[in-house]
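Report on the structure
Okay, here's what each chain looks like letter by letter:
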Amino acid sequence: MTSLIKKFALATALVAAPFMAATTASAEGEKYILVSHAPDSDSWWNTIKNGIALAGAQMGVEVEYRNPPTGDLADMARIIEQAAASGPDGIITTLSDFDVLSGPIRAAVDSGVDVIIMNSGTPAQAREVGALMYVGQPEYDAGYAAGLKAKGDGVASFLCVNHYISSPSSTERCQGFADGLGVDLANQMIDSGQDPAEIKNKVQAYLSANPATDAVLTLGPTSADPTLLALDENGLAGDIYFGTFDLGEEIVKGIKGGVINWGIDQQPFLQAYLPVVVLANYHRYGVLPGNNINSGPGFVTADGLEKVEAFAGEYR
């Protein structure tokens, strides 16, 4: 236990430093760059940063985290090109939009850089761009499983609060949920944007215009946190069925307080940690898992929240 605590402390200290810097010197000389589609404002990705930092420290490799500050995918494509041109041993990247990102990723693979797709995209898309494997949560499948769960709880209509509608994987979550319920998505999904005040206002406006809505589905802390405020203000907190993707401090509080029925944990820590471990062992010993790795989905409810609560926003 003491050893584990020391490792967590080391990772936390490393995360506090600017992430364009290497986390540790590499005895073997390997260097891996993780490129995400996340804007700087999305705190959910701190867990990703912690995962890559800890893996870099434990494996003795150099790691970097890079992202487009505003979440612009064209900017992300350029970052992938720049990362490949710098000559790393491997690139770990999200594939949030196949049309925009597949070209730069294929070019990186063709240049001799090993690539692992994480978080977004699909195993089939990872194979198509020449990546070694996919580590993440199949988003449509996760949404579908959530829809089946909600249907079993009596839900027939819902609001999906999509704070990143430009990412196809976000819409897949909403579509999967609708299909699990057996209803049309239609106008039950809103483009909320990422401004907290705007999200809160849009949620309140939708529920006011559609008072028979059975449930709310949010796609992460960016949309869940303002939705919690919206429900508190309009008196629906604890009365309307509420499910969310991903975890965060306020989400965990909501689950514990009975306002959120469940959160879908895709385990982002593993999405960053495992690719570094896989790549390092592949380059050193030529070993590679024989299949993709599903990091989720897993449903988190009020039961068994102790560890989740302790590490929410950090390692969970």
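Please read all numbers here as calculations on a predicted model, not as lab measurements. (Residues numbered from 1 in each chain as written. Predicted model: local features only at pLDDT ≥ 70, side-chain atom pairs only at ≥ 80, totals over all residues. Heavy atoms only, no water.)

1. Quick look at the overall build of the chain
The helix and strand inventory of the chain stands at twelve helices and twelve strands. Taking 20 Å as the expected radius of gyration for a compact globule of 316 residues, we find that the chain reaches 20 Å, a close match to that expectation. In terms of principal-axis extent, the alpha carbons of the chain reach across some 60 × 45 × 35 Å. Out of the 316 residues in the chain, the part that is buried amounts to 52%. Sequence-distant contacts, at least 24 apart, represent 74% of the contacts inside the chain between residues at least 6 apart. Carbon together with sulfur atoms contributes 51% to the accessible area of the chain, which is approximately 12,900 Å² in total. When the 18 basic and 37 acidic side-chain charges of the chain are each reduced to a single mean position, those positions are 6 Å apart. (Helix = DSSP H or I, 4+ residues; strand = E, 2+ residues; numbered from the N terminus. Rg over C-alpha atoms; globule rule 2.2 N^0.38 Å. Buried < 20%, exposed > 50% of the residue type's maximum accessible area, 1.4 Å probe, protein only. Contact = heavy atoms within 4.5 Å. Areas by Shrake-Rupley, 256 points an atom, 1.4 Å probe, with all protein chains shown as cover. Lys, Arg positive; Asp, Glu negative; His and termini not counted. Charge placed at Lys NZ, Arg CZ, Asp CG, Glu CD.)

2. Brief notes about the nonpolar core
Tyr32, Leu34, Ile48, Val61 and Val276 are the most contacted members of the largest nonpolar core, which totals 27 residues. Taken together, the elements giving at least two residues each to this core come down to β1 (31-35), α2 (46-59), β2 (62-66), β4 (114-119), β5 (133-136) and α11 (268-285). Counting residues per element, this core draws most heavily on α11, which supplies eight residues. (Core = buried A, V, L, I, M, F, W, Y, C linked by side-chain atoms within 4.5 Å.)

3. Considerations on the state of the cysteines
Per the stated rule, a full pass over the model turns up one disulfide. In this model Cys160 forms its disulfide with Cys174; the gap between the sulfur atoms is 2.0 Å. Negative torsions about the S-S bond denote left-handed disulfides, and the value of about -50 degrees found for Cys160 with Cys174 makes this one left-handed. Residue Cys160 is found in strand β6 (residues 158-162), and its partner Cys174 is found in helix α7 (residues 168-181); the two are separated by 14 residues along the sequence. (Disulfide = S-S within 2.5 Å.)

4. Looking at the sheet that holds strand β7 (residues 189-191)
Spatially, the six strands line up as an open sheet ordered β7-β6-β8-β9-β10-β12, and their pairing is mixed. Where the open sheet ends on each side, the last strands, each with one partner, are β7 and β12 (298-300). Sheet twist, expressed as the mean angle between neighbouring strand axes with direction ignored, is 20 degrees. Docked against the sheet, helix α6 (residues 139-152) engages β9 (241-245), β10 (262-265) and β12, running at close to 165 degrees with respect to β9. (Pairing = 2+ DSSP bridges. Axes fitted to C-alpha atoms, helices over the stretch in contact; angles between N-to-C directions.)

5. Regarding the pattern of salt bridges
It is possible for side chains of opposite charge to pair when their charged atoms get near one another. Tallied over the full model, the rule gives 13 salt bridges. Because the salt bridges share partners, they merge into one network encompassing Lys31, Glu64 and Arg66. (Salt bridge = Lys/Arg side-chain N within 4 Å of Asp/Glu carboxyl O.)

6. Some remarks on the confidence of the model for the chain
In the predicted model, the chain carries a mean pLDDT of 91, and 91% of its residues have values of at least 70. Predicted confidence for residues 1-27 stays below pLDDT 50, and this span has 46 contacts to residues more than four positions away or in other chains. (pLDDT = per-residue confidence, 0-100.)

7. What to know about the pairing of β9
Most of β9 is tucked away: five of the five residues are buried. Relative to β9, strand β8 (residues 215-218) is paired through four bridges, and the arrangement is parallel. When the sheet's bridge partners are listed, Thr218 is paired in β9 with Thr244. The β-α-β motif built from β8, the intervening helix α9 (residues 221-233) and the parallel element β9 has right-handed crossover chirality. Inspection of the sheet shows β9 paired to β10 by three bridges, in the parallel sense. What sits directly across from Thr244, in β10, is Gly263. Tracing the backbone out of β9, into helix α10 (residues 249-256) and back to the parallel element β10 gives a crossover that is right-handed. (Right-handed = clockwise from strand over helix to strand, strands pointing away.)

8. What to know about the packing of aromatic side chains
Inspection of the entire model under this criterion finds eight aromatic pairs. Taking 6.3 Å as the distance between ring centres and 70 degrees as the angle between the ring planes, the aromatic pair formed by Tyr241 and Trp262 counts as edge-to-face. In this pair, Tyr241 sits in strand β9 while Trp262 sits in strand β10, placing the two residues 21 residues apart along the sequence. Take Tyr241 and Trp262: they sit in the same class, and that class is buried. Ring geometry for Phe311 against Tyr315: centres 5.9 Å apart, planes inclined by 75 degrees, an arrangement best described as edge-to-face. Every member of this aromatic cluster is reached through a ring pair, and the members are Phe269, Tyr273, Phe311 and Tyr315. Across the ring face of Phe299, the terminal group of Lys149 is positioned such that the distance to the ring centre comes to 5.3 Å. (Phe/Tyr/Trp six-rings, centres within 6.5 Å; stacked < 30°, edge-to-face > 60°. Lys NZ or Arg CZ within 6 Å of the ring centre and 35° of its normal.)

9. Let's talk about unusual backbone geometry
Here Gly296 and Pro297 are connected by a cis peptide whose omega angle stands at 10 degrees. Here Pro297 lies in the loop between β11 (293-294) and β12. At Ala186, a residue that is not glycine, the phi angle is positive and equals roughly 40 degrees. In this structure, Ala186 sits in the loop between α7 and β7.

10. Overview of the packing of α2 against α11
The contact between α2 and α11 brings their axes to 7 Å, and the two run at 30 degrees. By the criterion of interaxial angle, the relationship of α2 to α11 is roughly parallel. Handedness of the α2/α11 crossing: right-handed. Of the residues in α11, those touching α2 at Thr47, Ile48, Asn50, Gly51, Ile52, Leu54, Ala55, Gly56, Gln58 and Met59 are Pro268, Phe269, Gln271, Ala272, Tyr273, Val276, Val277, Ala280, Asn281 and Arg284. In terms of residue class, the contact of α2 with α11 is built from twelve nonpolar, seven polar and one charged. (Parallel < 35°, antiparallel > 145°, perpendicular 65-115°, else oblique. Left-handed = near helix turned anticlockwise from the far one by under 90°. Nonpolar A, V, L, I, M, F, W, Y, C, P; charged D, E, K, R; others polar.)

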